[in-house]
Amino acid sequence: FFGVLCSGHARSTDIEWRNHFHTLLCGLALSQSDTSTRNQALSDISSGLAICSDAEWVQERLDCLLKAAAEIDPDTSVIYAAVAHAHAIGERWDEAQETVSGIASPTIRDASLKKISSMVLDSSLPDKMQRAISFTNTLSEPMERAQKLYDLGFHDGLLDDLVAYGQLVGLLTEFPAKQKE
C-alpha cells in the first residue's frame with residue numbers, strides 16, 4: 001500500500017504537493033507502533049521513491065526518511081537496506097553503495113550487498129563487473145567473500161573488463177586456494 005502510494009506521488013511534477021504528500025505518508029508509516037509494520041511501510045516508501053527521475057529530490061526524501069526512522073528506533077538496518085535497494089532500482093549505484101555501508105547489522109548488510117551485486121550484474125553499465133566486485137568484496141564473512149569473488153570469475157562479462165579482471169585476481173591473492181582454481 002505504502003509503496004503504491006509513494007510510487008504514484010513520486011511521478012508528480014508538483015514539487016510542493018509531492019513534498020507535502022511524502023511528509024504525510026512518512027508520518028503515517030512512522031506512527032505505526034509495531035516495529036515490523038513500521039519497517040515494512042518505510043521500506044515500501046523507499047521502493048516507491050525509486051521510480052522518481054529527480055535523483056536529488058529522492059536523495060533528500062530518503063535522507064529525511066532515515067533520519068526520522070532513527071529517531072524512533074536506532075536500529076535502522078532494515079530501512080537502510082530498503083533505501084540501498086531503492087537506489088539500485090533507480091540505478092544510482094554510488095548512492096546504493098554508500099547507503100549499504102551504513103547498515104549496522106552484518107546479516108542484513110551482507111544480504112543487501114548480494115542483492116545489489118546481482119542487480120548491478122543485470123544492468124547495462126560498462127563497469128558492472130568492477131561494481132559487482134566492489135560490492136562483493138565488502139561481505140563480512142571472509143570465506144563467503146572468497147567464494148562469491150571466485151564465482152564472479154566465471155561471469156561472462158569479466159573478460160570484457162580487464163580492470164575488473166585485474167581487480168579480481170588481486171583480491172583473490174588473499175585466498176590462494178581460490179586463486180589457483
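Note that this is a predicted model, so its numbers are computed, not measured.

1. Re the environment of Ala-84
Thought 1: You can see Ala-84 is positioned in helix H5 (residues 77–89).
Thought 2: Along the sequence, Ala-84 and Gln-97 sit 13 residues apart, while their C-alpha atoms lie 7.1 Å from each other.
Thought 3: When neighbours within four sequence positions are excluded, Ala-84 is seen to be in contact with Ala-96, Thr-99, Val-100, Ser-112 and Ile-116.

2. Digging into the packing of aromatic side chains
Thought 1: For the coordinates displayed, the defined rule picks out 1 aromatic pair.
Thought 2: Ring centres 5.1 Å apart and planes at 75° place the aromatic pair Tyr-150 and Phe-154 in the edge-to-face group.
Thought 3: In this structure Tyr-150 comes out as buried when scored by relative accessible area, which is 17%.
Thought 4: Residue class for Phe-154 comes out exposed when judged on its relative accessible area of 55%.

3. Description of a negative patch on the surface
Thought 1: A contiguous patch of negative charge, built from Glu-56, Glu-60, Asp-63, Glu-95 and Glu-98, is present on the exposed surface.
Thought 2: With 3 residues, the top contributor of residues to the negative patch is helix H4 (residues 55–72).

4. Thoughts on the pattern of salt bridges
Once their charged atoms are close, side chains differing in charge can pair, the charge on each being opposite to the other.
Thought 1: Evaluated as defined, the whole model comprises 4 salt bridges.
Thought 2: The shortest N-O distance in the salt bridge between Lys-114 and Glu-144 comes to 2.4 Å. In this pair, Lys-114 is assigned in helix H7 (residues 106–121) and Glu-144 in helix H9 (residues 142–152), connecting sequence segments 30 residues apart.
Thought 3: Salt bridges here are not isolated pairs; linked through shared partners, they connect Asp-94, Asp-127 and Arg-131.

5. Some words on a nonpolar patch on the surface
Thought 1: On the surface, Leu-159, Leu-162, Tyr-165 and Val-169 cluster together into a nonpolar patch covering about 410 Å² of accessible area.
Thought 2: Mapped onto the secondary structure, Tyr-165 falls in helix H10 (residues 162–172).

6. So, H10
Thought 1: When H10 is considered as a whole, its buried residues turn out to be Ala-164, Leu-168, Leu-171 and Leu-172. Taken down its axis, H10 places every buried residue within 95° of arc, on the same side. Exposed residues on H10 whose side chains face more than 90 degrees from its buried face are Leu-162 and Val-163.
Thought 2: The opening residue of H10, the one whose side-chain oxygen lies 3.2 Å from the backbone nitrogen of Val-163, is Asp-161.

7. Describing the confidence of the model for the chain
Thought 1: Chain-level pLDDT for the chain is 83 on average; 88% of the residues reach the 70-or-more range.
Thought 2: Ranking the elements of the chain by mean pLDDT puts helix H1 (residues 2–10) last, at 50, and helix H8 (residues 128–136) first, at 95.

8. Describing unusual backbone geometry
Thought 1: Residues other than glycine seldom take positive phi values, yet Glu-91 does so here, at roughly 55°.
Thought 2: Within the secondary structure, Glu-91 is located in the loop between H5 and helix H6 (93–100).
Thought 3: Judged by relative accessible area, Glu-91 falls into the exposed class, the value being 51%.

9. Examining the environment of Gly-166
Thought 1: Along the chain, the position of Gly-166 falls in helix H10.
Thought 2: Gly-166 sits in the partly exposed class, given a relative accessible area of 39%.
Thought 3: Note: C-alpha distance between Gly-166 and Gln-130 (36 residues apart in sequence) is 9.8 Å.

10. Quick look at the packing of H8 against H9
Thought 1: Packing of H8 against H9 leaves a shortest axis separation of 10 Å and a crossing angle of 170°. For the element pair H8 / H9, the angle class is roughly antiparallel. Here the hand of the crossing between H8 and H9 comes out right-handed. Residues Met-129, Ala-132, Ile-133 and Thr-136 of H8 pack against Arg-145, Lys-148, Leu-149 and Leu-152 of H9.
Thought 2: Class assignment for the residues of the contact of H8 with H9 results in 5 nonpolar, 1 polar and 2 charged.

Scoring rules and cut-offs
- Note on numbering: residues in each chain are counted from 1, in written sequence order.
- For this predicted model, a pLDDT threshold of at least 70 governs which residues receive local features, and a threshold of 80 or more governs which side-chain atom pairs are given and counted, while totals over whole chains, interfaces and linings are taken from all residues.
- In computing side-chain values, all of the structure's heavy atoms are included and hydrogens and water are not.
- Labels follow the DSSP assignment, with helices taken as runs of H or I lasting at least four residues and strands as runs of E lasting at least two, numbered in each case from the N terminus.
- Contacts between residues were defined by any pair of non-hydrogen atoms, one from each residue, lying within 4.5 Å.
- Any Phe, Tyr or Trp ring, taking Trp's six-membered ring, that has another such ring centre within 6.5 Å forms a pair; planes under 30 degrees apart are called stacked, those over 60 apart edge-to-face, and the others tilted.
- Working definition: with a 1.4 Å probe on protein chains only, accessible area under 20% of the residue-type maximum means buried, over 50% means exposed, and in between means partly exposed.
- Patches draw on residues past 30% relative accessible area with no salt bridge. Two like charges within 9 Å are joined, as are two nonpolar side chains (Val, Leu, Ile, Met, Phe, Trp, Tyr) within 5 Å.
- For the area figures, the Shrake-Rupley method with a 1.4 Å probe applies, and any residue is considered shielded solely by the protein chains shown.
- A carboxyl oxygen of Asp or Glu within 4 Å of a side-chain nitrogen of Lys or Arg is what we treat as a salt bridge.
- Counted charges follow a simple rule, with Lys and Arg positive, Asp and Glu negative, and His plus the chain ends left uncounted.
- The atom standing in for a charge is NZ when the residue is Lys, CZ when it is Arg, CG when it is Asp and CD when it is Glu.
- Throughout, the arc means the angular range of directions from the helix axis out to the C-beta atoms.
- Distance and chemistry together define a polar contact, namely a pair of N or O atoms within 3.5 Å, with one atom able to donate a hydrogen and the other to accept it when in protein, and with adjacent residues in sequence counting only for side-chain atoms on both sides.
- The predictor rates its confidence in each residue with pLDDT, a number between 0 and 100.
- Each axis is a line fitted through C-alpha atoms, and for a helix only the stretch in contact is used; angles between axes span 0 to 180 degrees, taken between their N-to-C directions.
- Oblique is the label for any angle not covered by the other classes, which are roughly parallel (under 35 degrees), roughly antiparallel (over 145) and roughly perpendicular (65 to 115).
- The handedness criterion is simple: a crossing whose near helix is rotated anticlockwise from the far helix by less than a right angle is left-handed, and one whose near helix is rotated clockwise is right-handed.
- In this classification, the charged set is Asp, Glu, Lys and Arg, the nonpolar set is Ala, Val, Leu, Ile, Met, Phe, Trp, Tyr, Cys and Pro, and all remaining amino acids, among them Gly, are polar.

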